[in-house]
Amino acid sequence: MTNSVTYTSTNGIATITMDDGKVNALSNDMLDELNAAFDKAENAGEVVIFTGRTSMFCAGFDLSIMMQGQEKVLALLAKGGAFSRRILTFPTPVICAVSGHAMAMAALVLLSSDYCIGIEGKVKTGMNEVAIGMTMPQAGIEIANAHLTAPFFRRVINNAEVLSPETALAAGFLHSIVAPKI
Amino acid sequence: MTVAQNKAEQMRKLDMTAFAATKMKSVRPLLDKLQLAVEADKKSNIFQGT
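Quick look at the structure, then. Just so it is clear, the structure is predicted and the values come from calculations on it, not from any experiment. (Residues numbered from 1 in each chain as written. Chains lettered and ligands numbered in written order. Predicted model: local features only at pLDDT ≥ 70, side-chain atom pairs only at ≥ 80, totals over all residues.)

The next point concerns the overall build of chain A. Looking only at helices and strands, chain A features seven helices and 10 strands. Relative to the globule expectation of 16 Å for 182 residues, the C-alpha radius of gyration of chain A, 15 Å, shows essentially globular dimensions. Expressed along its principal axes, the backbone C-alpha trace of chain A runs to roughly 45 × 40 × 30 Å. The buried share of chain A, taken over its 182 residues, is 47%. Residue pairs at least 24 apart in sequence account for 68% of intrachain contacts in chain A once pairs closer than 6 positions are excluded. (Helix = DSSP H or I, 4+ residues; strand = E, 2+ residues; numbered from the N terminus. Rg over C-alpha atoms; globule rule 2.2 N^0.38 Å. Buried ≥ 20, exposed ≤ 12 C-beta atoms within 10 Å, placed from the backbone. Contact = placed C-beta atoms within 7 Å.)

Residue and element names in this part refer to chain A. Reading across the sheet, the four strands line up as S4-S6-S8-S9 and stay open at both edges, with mixed pairing between neighbours. In the strand order of this sheet, the two ends are held by strand S4 (55-58) and strand S9 (162-163), each with one partner. Across three bridges, the pairing between S4 and strand S6 (residues 100-103) is parallel. Note that in S6 the partner of Met 56 across the bridge is His 101. In the packing of helix H4 (residues 105-112) onto the sheet, the strands contacted are S4, S6 and strand S8 (125-126), and the crossing angle to S6 comes to about 95°. (Pairing = 2+ DSSP bridges. Axes fitted to C-alpha atoms, helices over the stretch in contact; angles between N-to-C directions.)

As a further point, take helix H1 (residues 28-44) of chain A. Residues and elements named next belong to chain A. Between the first and last C-alpha of H1 there are 24 Å, a value that for 17 residues agrees with the 24 Å anticipated at 1.5 Å per step. Inspection of H1 places Met 30, Glu 33, Leu 34, Ala 37, Phe 38 and Ala 41 among the buried residues, and these make up the whole buried set. Taken down its axis, H1 places every buried residue within 135° of arc, on the same side. Facing away from the buried side of H1 by more than 90 degrees, the exposed set consists of Asp 39 and Asn 43. Where H1 is buried, its residues contact strand S1 (5-10), strand S2 (13-18), strand S3 (47-51) and helix H3 (70-88). Where H1 terminates, the next one or two residues include Gly 45, which has phi positive at roughly 65°. (Expected span 1.5 Å × (residues − 1). Arc of directions from axis to C-beta.)

Residues and elements named next belong to chain A. Tracing the backbone shows Ala 168 in helix H7 (residues 165-171). Look at Ala 168 and you get buried, because 25 C-beta atoms sit within 10 Å. Those residues in contact with Ala 168, other than ones at most four positions away along the chain, are Gly 118, Thr 125, Leu 163, Phe 173 and Leu 174.

Don't take any of this as a statement about function, it's just geometry.
Set out below in structure tokens:
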């Protein structure tokens, strides 16, 4: 465990924050910590605010693990996919306070959540898998197809377009955009 | 109070039993597709174009 996730609770609202001091990469440890924090919120029946560090929500999977061979890649993809499904089926609302960039797997987390609040500014959202030489997993394609608006599906998945906050709103990643303090 | 907290307060007032049941119904078709997708992904190599 790396202690990159904090959980706080006030009046039935849990705030789960990722902050690894860098790009909040989703490693096995980070996903374990997130699941432990979501366990607490689920057991308490709390609405969840899920957020990241200033200017960086999450950069997606930990690429150092993604370069360690098929077995470790598949294990991390499976764990990430299970986390997406957990949010999709979480019994209380999960609100993403998207504090900064949200790329790749992080963008799928947004699409799995109940409401996403982005911030104005030079913030990037997208699925850049194809741009970095990865074929998009089928599970990610299904989640994107279910939640992205039709005109953006191919642009985001096949063309790996990285979107501004305004465009991410039109695409369906975000549901509102506010000034940076969210 | 931040915008996210305001939204959380608003959503906390929902009936959570009804919310959970409706959410499960709304994602059921996607979950069925994901079950098949997960099996397909186990057999794929995302770095070799499959």
